[in-house]
Amino acid sequence: MRKSVLASAMLAGVAFVAVAPAAFAQTAPAAEAATDAGDTIVVTAERRSEDIRAVPVSVAVMKPELLHDLQSGGSDTLLSLAGRVPSLNVESTTGRIFPRFYIRGLGNIDFYLGASQPVSVIQDDVVMEHVVLKSNPAFDIAQVEVLRGPQGSLFGRNTTAGIVKFDTAQPTATWQGQATGSIGSRNSINIDAGIGGPLTSDGRVSFRLSGLYQHRDNWISNTYTGPSDDGTVGGKNVMGGFNERDVRLQIMAQPTETLSLRLSGHYRDYDGTASIFYRGSIQKGTHTVPTNLDLTKVSYDEAQNNPQAYKTKGVSLKAVQELGSATLTSITAYEYSHGSSRGDTDGGAAANFGGTAPNICAAGCGESRGVLRGLNQWSQELRLASADTERFKWQVGGIYFDSRDYTEFDQRAYFLTNNSLGTTPNPNNWVLLHNVNTSWAVFGQASYDLTEKLRLTAGARLSNDTKNTTLLKTADTVTGVVTFPTTAARQVRLSSTQPSFDVSLLYRADQDLSFYARVARGFRGPTIQGRSAVFNSPFSTANSEKNTSWEAGLKSAWLDDSLTFNLTGFYYTVTDIQLNGNDSNGNGVLFNADKAVGYGAEAELGLRPAKNLRFDIGVSVLHTQIKDNSVYAQAGAAGGVLSETVLNPTVRVGNNYFAQINGNPLPNAPKFNLNMQGRYDLPLSDAVRAFVGADFNLQGYTMYVPYKTVEYTSNGNYELGAKAGVAWGRMELAVFARNVTNRKNLIGVIDTSNYRAGIYNDPRVIGVSLSGSFR
């Protein structure tokens with residue numbers, strides 16, 4: 001496989017080098033420093049292209065230059081965004097195909113394939129609802145916008161926390177292109193490229209072809225040599241690698257002066273490794289990562305070295321018809337995906353932790369497998385909007401959404417009554433589910449300039465979200481007995497119709513200074529947890545949660561945009577918040593708590609003290625709290641003994657322990673986050689310059705489970721990235737390092753039984769990169 005990988009990388013590099021010089025020779029300007037002051041940031045947070053200082057929403061923007069730096073070591077294009085703007089966190093305990101997004105502390109720690117999230121991901125105006133679709137990589141990107149706070153009026157349900165919006169580079173009537181390629185440690189390869197231009201002489205038909213190729217060699221060895229009931233065989237360097245292959249083609253056509261059409265199709269082919277759990281790496285009584293932890297070795301007796309593979313494809317058509325005083329927009333989209341993921345979820349061979357091989361689990365054992373047999377998502381949106389130049393602006397519209405999938409789950413879990421682990425397998429450990437999610441909504445928004453400087457905006461939306469999960473069949477993988485449940489026992493349907501709204505005031509003191517205040521309400525639709533059928537338990541469910549948020553802030557630019565500063569303060573209350581845990585009787589996996597509150601602030605500073613020097617700094621502070629004295633979460637225990645230091649009051653039921661979580665912070669909600677980027681360019685001649693750049697991220701106290709412990713937390717996780725090189729025209733050659741200090745950060749946990757298994761960030765990657773663009 002390595003030879004084919006290198007051949008592909010070399011072929012891509014040769015093609016780029018062959019094409020680029022001619023283009024650059026005609027279009028490359030004189031030596032350019034880092035982006036000069038004076039750039040206006042344009043966002044589409046309100047479905048219109050507007051100066052960011054004219055938008056009464058807390059929105060952060062990431063440009064492709066930062067994305068290329070973060071991804072230069074072959075890092076996941078989405079997980080690498082964690083903490084790179086204030087109040088944004090991204091993590092996964094399943095791997096690259098299942099990122100979980102959090103904004104202002106609101107997210108979902110559930111790893112169920114059908115789990116809903118309060119952060120919506122939108123790619124080129126198309127909502128990616130299913131967790132696998134949310135993992136579609138970001139490549140050939142024009143801009144990423146992070147909209148913080150409820151966005152229900154214009155973007156619908158499941159946006160109670162906010163939106164991460166990806167806008168790709170679009171077809172152009174002139175020839176334009178970019179490419180970034182890098183190679184580093186563990187044969188980490190990243191190639192992100194796009195090229196586009198006219199297909200007809202008059203420019204009415206144009207295209208954009210984009211591609212992403214990422215690879216890393218396997219670098220984690222499985223040292224297990226004992227027997228295994230599922231055929232797992234250890235070996236050197238059998239895990240940790242991946243292949244990511246993506247392509248996208250967009251065609252833009254303008255048949256008439258008033259009609260434009262954009263047809264887009266994409267395809268993804270990914271194979272790699274599910275998340276690696278390191279059993280026993282979390283030491284009782286401390287959250288400090290052991291200095292002797294070796295991330296290159298595990299001992300897995302199950303799951304056949306954690307394979308993971310998915311394929312996804314989709315097509316969308318955006319039609320825009322100018323009607324004179326208004327514009328009609330239609331967005332039709334279809335997405336399809338299938339694949340599987342398998343993992344040794346206890347993080348190590350039971351024989352190494354007091355058990356007897358194979359799989360005699362006195363100390364606990366388990367593996368899980370999820371198979372998405374087929375996902376079909378279809379959506380249709382219509383929107384009618386007035387012209388942007390009027391004092392009174394409005395837009396109205398509607399959307400219909402339909403998602404259907406067949407999902408398998410297979411869980412090997414060995415236990416006796418009351419979680420006293422032993423040799424008895426769960427008798428019902430394979431299930432096939434059929435999930436259907438439909439939604440419709442109508443919405444409208446209007447804004448009116450009360451004066452030349454003061455604008456009032458209000459929007460409302462009525463949405464219905466309906467979910468239906470059917471248990472089609474179950475099987476005992478030991479005996480092979482297949483069961484077809486009765487209709488009454490196998491089907492759950494939930495439906496909710498909810499209003500969303502937002503009202504804001506924007507005061508534009510001048511072109512460079514604005515103040516705003518906003519109140520908004522959004523909701524997350526009801527949720528069904530079908531995975532519980534694996535344990536021969538009824539589906540657990542949660543009703544809709546509602547978030548009402550208040551925020552106020554300022555957006556400013558000073559000294560000809562050499563200094564920009566944005567500040568937002570917020571407070572929110574989420575009623576009926578959806579959480580994962582159990583009550584004091586051990587019932588349920590998914591449930592509604594009474595409410596959770598959160599408050600904090602976000603600040604962003606851009607500083608250009610000289611033409612060739614720039615700094616960008618972002619910071620967020622956050623306090624969240626669950627408020628419900630009747631909710632509990634099950635704590636990790638084995639044989640009636642807690643496996644961690646629980647700081648909440650606990651209730652013991654048999655050999656299980658349940659911790660009261662009232663008053664706790666939300667999981668994966670850092671108390672603060674600091675991100676910094678900087679770059680300095682030094683001219684060496686009229687055509688060549690040297691440069692050095694760095695980026696840094698620091699995360700404050702974070703809980704990874706709903707109950708308070710000493711162990712399942714982190715405080716002070718950080719990563720440093722750096723690069724240095726030379727640039728000429730629009731070309732750049734650099735050496736880079738990701739995770740410069742080779743810091744080991746705990747970023748996720750499995751708290752079941754006594755596993756104390758942790759997930760850790762990628763080790764250091766050092767390499768070289770070449771990038772360029774033309775237009």
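The rules we used
- Residues numbered from 1 in each chain as written.
- Predicted model: local features only at pLDDT ≥ 70, side-chain atom pairs only at ≥ 80, totals over all residues.
- Heavy atoms only, no water.
- Helix = DSSP H or I, 4+ residues; strand = E, 2+ residues; numbered from the N terminus.
- Buried < 20%, exposed > 50% of the residue type's maximum accessible area, 1.4 Å probe, protein only.
- Salt bridge = Lys/Arg side-chain N within 4 Å of Asp/Glu carboxyl O.
- Pairing = 2+ DSSP bridges.
- Axes fitted to C-alpha atoms, helices over the stretch in contact; angles between N-to-C directions.
- Contact = heavy atoms within 4.5 Å.
- Core = buried A, V, L, I, M, F, W, Y, C linked by side-chain atoms within 4.5 Å.

*Asks:* What exactly am I supposed to notice about the environment of valine 688 here?
*Replies:* As for its position among the elements, valine 688 is in strand S41 (residues 688-699). The exposure class assigned to valine 688 is partly exposed, which follows from its relative accessible area of 28%. In this structure, the C-alpha to C-alpha distance between valine 688 and methionine 731, residues 43 residues apart in sequence, is 9.8 Å.

*Asks:* Can you walk me through helix H2 (residues 64-71) in this structure?
*Replies:* Counting along an α-helix, one turn takes 3.6 residues, and residues three or four places apart therefore face a common direction. Counting buried residues in H2 gives six out of eight residues, a clear majority hidden from the surface. Within the sequence span of H2, burial applies to Pro64, Leu66, Leu67, His68, Leu70 and Gln71.

*Asks:* What am I meant to see in the pattern of salt bridges here?
*Replies:* If charged atoms from side chains of opposite charge come close, those side chains can pair. Applying the stated criterion across every chain yields a total of 39 salt bridges. A salt bridge links arginine 48 to aspartate 388, with the nearest nitrogen and oxygen atoms 2.3 Å apart. In this pair, arginine 48 is assigned in the loop between strand S1 (42-43) and strand S2 (50-51) and aspartate 388 in the loop between strand S20 (366-386) and strand S21 (392-413), connecting sequence segments 340 residues apart. Here aspartate 388 falls in the partly exposed class, since its relative accessible area comes to 45%. A salt bridge links arginine 689 to aspartate 681, with the nearest nitrogen and oxygen atoms 2.9 Å apart. Aspartate 681 carries the same exposure label as arginine 689, and that label is buried. Linked by salt bridges that have partners in common, Asp69, Arg679, Asp681, Arg689, Lys723 and Glu732 make up one network.

*Asks:* Mind showing me how you'd approach the sheet that holds strand S9 (residues 162-168) here?
*Replies:* Strands belonging to one sheet form pairs held by backbone hydrogen bonds; the direction of such a pair is parallel or antiparallel. Strands sit in the order S3-S8-S9-S6-S7 across an open sheet of five strands; the sheet is mixed. Because the sheet does not close on itself, it has two edges, and the strands there are strand S3 (58-62) and strand S7 (126-128). Taken pair by pair, the neighbouring strands of this sheet meet at an average axis angle of 25°, ignoring direction. Along the sheet, H2 contacts S3 and strand S8 (141-148); its crossing angle with S8, the most-contacted strand, is approximately 95°.

*Asks:* Looking at this structure, how should I read unusual backbone geometry?
*Replies:* What is expected of a backbone is that most residues other than glycine have negative phi and most peptide bonds are trans. Phi at serine 87 takes a positive value of approximately 75°, unusual for a residue other than glycine. Inspection of the secondary structure assignment puts serine 87 in the loop between H2 and strand S4 (88-91). The class of serine 87 is buried, set by a relative accessible area of 13%.

*Asks:* Can you walk me through the nonpolar core in this structure?
*Replies:* The tendency in soluble globular proteins is for nonpolar side chains to be buried side by side. Core analysis: the largest hydrophobic core is formed by 92 residues, its most contacted members being Met62, Leu88, Phe166, Leu666 and Tyr707. Those residues in contact with tyrosine 707 that lie beyond four places of it in its chain are Ala633, Gln634, Ala635, Gly636, Glu644, Val646, Asn648, Ala659, Ile661, Asn664, Tyr712 and Asp751. Core analysis: the second largest hydrophobic core is formed by twelve residues, Val43, Val59, Leu154 and Phe443 among them.

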